[in-house]
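An overview of the molecular structure
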Amino acid sequence: MSATPGPRILVFAGSTRRGSHNTHLARLAAERLERHGARVTRIDLKDYPLPLYDGDLEAAEGLPPQARRLQALLAEHQGLLIASPEYNGFPTPLLKNTLDWMTRPDGERSGLALFADKVAAVVSASPGALGGMRSLGLTRQLLGNLGVMVLPNPLALPRAAQAFGEDGDLEEAAVRQRLDSLCHRLVSTLSRLHPIDDASGESP
Ligand SMILES: Cc1cc2nc3c(=O)[nH]c(=O)nc-3n(C[C@H](O)[C@H](O)[C@H](O)COP(=O)(O)O)c2cc1C
């Protein structure tokens, strides 16, 4: 861990389900990111309920307050770690809808511009044998469309119902190692891209 303040990373899962495997995996990733020196904000999208995107609603009422709060959070962070569940081979409607609202303009301010130059790592957990691998590919593509640089080697965690031990950590050492490597890479990439100003504790 470095002595200077690390990059800020926003962590969330594309599920609000109680007992969500992806929320669990996001928590484990957040712990590792912090161990590698990042300043992490972990949020639950349950705390940011948004209507299904509707252009008429947006035209009549503008951005919902929760979308504004998410945009403000995004603006304060250099990195993202997203745990993306898989529904029928796709990322969840919750994740897509949340990102869609976040890209919308708020007055003069472009939502999409907030994503530019962010760096993201994506992970996925599923009770199935593929660990949500198909959702991972599409989540990477979606983030890329928003201008986010997405790290290679995302982690797909299969058989998630059996993957976590009694202590809450991942059972398999090899999988723990892969998550750790991904988290380390996210922090080290961000630290090189956004060197922190020692005096202010902020990236320039
Ligand atoms: C509508 C729906 C479709 C699903 N499709 C897939 C799928 O394509 N692949 C998969 O691995 N799991 C699929 N699942 C199972 C999810 O991976 C499982 O519900 C998982 O627990 C969701 O993530 P969470 O635990 O973070 O809420 C699907 C679940 C739902 C509700």
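Residues numbered from 1 in each chain as written. Predicted model: local features only at pLDDT ≥ 70, side-chain atom pairs only at ≥ 80, totals over all residues. Heavy atoms only, no water.

1. Examining unusual backbone geometry
So the rule is basically this: In this scheme, a residue with accessible area under 20% of its type's maximum is buried, one over 50% is exposed, and one in between is partly exposed, where area comes from a 1.4 Å probe on protein chains only.
The backbone phi angle of Asn88 is positive, close to 50°, even though this residue is not glycine. The exposure class of Asn88 is exposed, given its relative accessible area of 78%. In this structure, Asp117 takes a positive phi of about 70° despite not being glycine.

2. Describing the site of the ligand
Quick note on the threshold: Here a residue counts as near a molecule or strand whenever at least one of its heavy atoms sits within 4 Å of it. Any pair of N or O atoms that falls within 3.5 Å is considered a polar contact. Within protein, one atom must be able to donate a hydrogen and the other to accept it, and sequence-neighbouring residues count only if both atoms are side-chain atoms. With residues, only the protein chains shown are counted as cover, and all accessible areas are computed by Shrake-Rupley using a 1.4 Å probe. Note that Gly is not counted as nonpolar here; it falls among the polar residues with everything else outside the nonpolar set of Ala, Val, Leu, Ile, Met, Phe, Trp, Tyr, Cys and Pro and the charged set of Asp, Glu, Lys and Arg.
Near the ligand you find 13 residues, and of these Ser15, Ser20, Glu86, Asn88 and Ser126 are the closest. Take Ser15: an N or O atom from its side chain is 2.7 Å from an oxygen atom of the ligand. A distance of 2.6 Å separates an oxygen atom of the ligand from a polar side-chain atom of Ser20. If the ligand stood free it would expose 620 Å²; the protein chains cover 70% of that surface. Per-class residue counts for the shell around the ligand are 3 nonpolar, 7 polar and 3 charged.

3. Concerning the pattern of salt bridges
Spelled out, the test is: Think of a salt bridge as a Lys or Arg side-chain nitrogen and an Asp or Glu carboxyl oxygen that are within 4 Å of each other. Each helix is a run of H or I in the DSSP string that is no shorter than four residues. Each strand is a run of E no shorter than two, and both are numbered from the N terminus.
Counted according to the given criterion, the structure contains 6 salt bridges. A salt bridge links Glu58 to Arg104, with the nearest nitrogen and oxygen atoms 2.9 Å apart. A residue pair is termed long-range when its members are at least 10 positions apart, and Glu58 in helix 2 (residues 55-61) and Arg104 in the loop between helix 4 (93-102) and strand 4 (119-125) qualify at 46 residues. Note on Arg104: relative accessible area 30%, which makes it partly exposed.

4. Examining helix 5 (residues 133-145)
Here is the rule: Expected helix span is taken as 1.5 Å per residue step, with the number of steps being one fewer than the number of residues. What the arc measures is the spread of directions leading from the helix axis to the C-beta atoms.
An ideal rise of 1.5 Å per residue puts 18 Å on 13 residues; helix 5 measures up with 19 Å between its terminal C-alpha atoms. By the burial criterion, the buried members of helix 5 are Ser135, Leu136, Thr139, Leu142 and Leu143. Considered in projection along helix 5, the buried side chains sweep an arc of 125° and stay on one side of the axis. Away from the buried face of helix 5 by more than 90 degrees, exposed residues Arg134 and Asn145 are located. Note on helix 5: the residue one or two positions beyond its end, Gly147, has a positive phi of about 95°.

5. As for a negative patch on the surface
In plain terms, the rule: Patch membership needs two things, relative accessible area over 30% and no salt bridge, and members are linked within 9 Å if like-charged or within 5 Å if nonpolar (Val, Leu, Ile, Met, Phe, Trp, Tyr). Counted charges follow a simple rule, with Lys and Arg positive, Asp and Glu negative, and His plus the chain ends left uncounted. To locate a charge, take NZ of a lysine, CZ of an arginine, CG of an aspartate or CD of a glutamate.
Negative charge collects at one region of the surface, where Glu166, Asp167, Glu171 and Glu172 lie side by side. Checked against the element boundaries, Glu172 lands in the loop between strand 6 (155-157) and helix 6 (173-193). Overall, the relative accessible area of 53% leaves Glu172 in the exposed class.

6. A closer look at the nonpolar core
The nonpolar side chains of soluble globular proteins are, as a tendency, buried together. Which entries qualify depends on this criterion: Put simply, buried Ala, Val, Leu, Ile, Met, Phe, Trp, Tyr and Cys residues joined by side-chain atoms within 4.5 Å make one nonpolar core. By definition in these notes, contact holds between two residues if any of their heavy atoms fall within 4.5 Å.
One finds Ile9, Leu25, Leu33, Leu81, Leu157, Leu179 and Leu186 to be the most contacted residues of the largest nonpolar core, which totals 31 residues. Put simply, the parts of the chain that give this core at least two residues each are strand 1 (8-13), helix 1 (21-35), strand 3 (79-83), strand 4, strand 6 and helix 6. If you tally residues by element for this core, the top one is helix 6, at 7 residues. Every residue in contact with Leu33, bar those within four places of it in the chain, is listed here: Ile9, Val11, Ala38, Val40, Leu81, Cys183, Leu186 and Val187.

7. Regarding the packing of helix 1 against helix 6
Basically, it comes down to this: Throughout, an axis means a line fitted to C-alpha atoms (over the contacting stretch in the case of helices), and angles, computed between N-to-C directions, take values from 0 to 180 degrees. Here the angle decides the label: under 35 degrees means roughly parallel, over 145 means roughly antiparallel, 65 to 115 means roughly perpendicular, and every other value means oblique. Crossing handedness is defined as follows: a turn of the near helix away from the far one that is anticlockwise and smaller than a right angle gives a left-handed crossing, while the clockwise case is right-handed.
The geometry of helix 1 relative to helix 6 is characterised by a closest axis approach of 9 Å and an angle of 55° between their N-to-C directions. On the basis of their axis angle, the class for helix 1 and helix 6 is oblique. Two packed elements cross with a definite hand, and for helix 1 against helix 6 that hand is right-handed. Residues Leu25, Leu28, Ala29, Arg32 and Leu33 of helix 1 form the contact with helix 6, whose own contacting residues are Arg176, Leu179, Asp180, Cys183, Leu186 and Val187. Across the contact of helix 1 with helix 6, the residue classes tally to 8 nonpolar, no polar and 3 charged.

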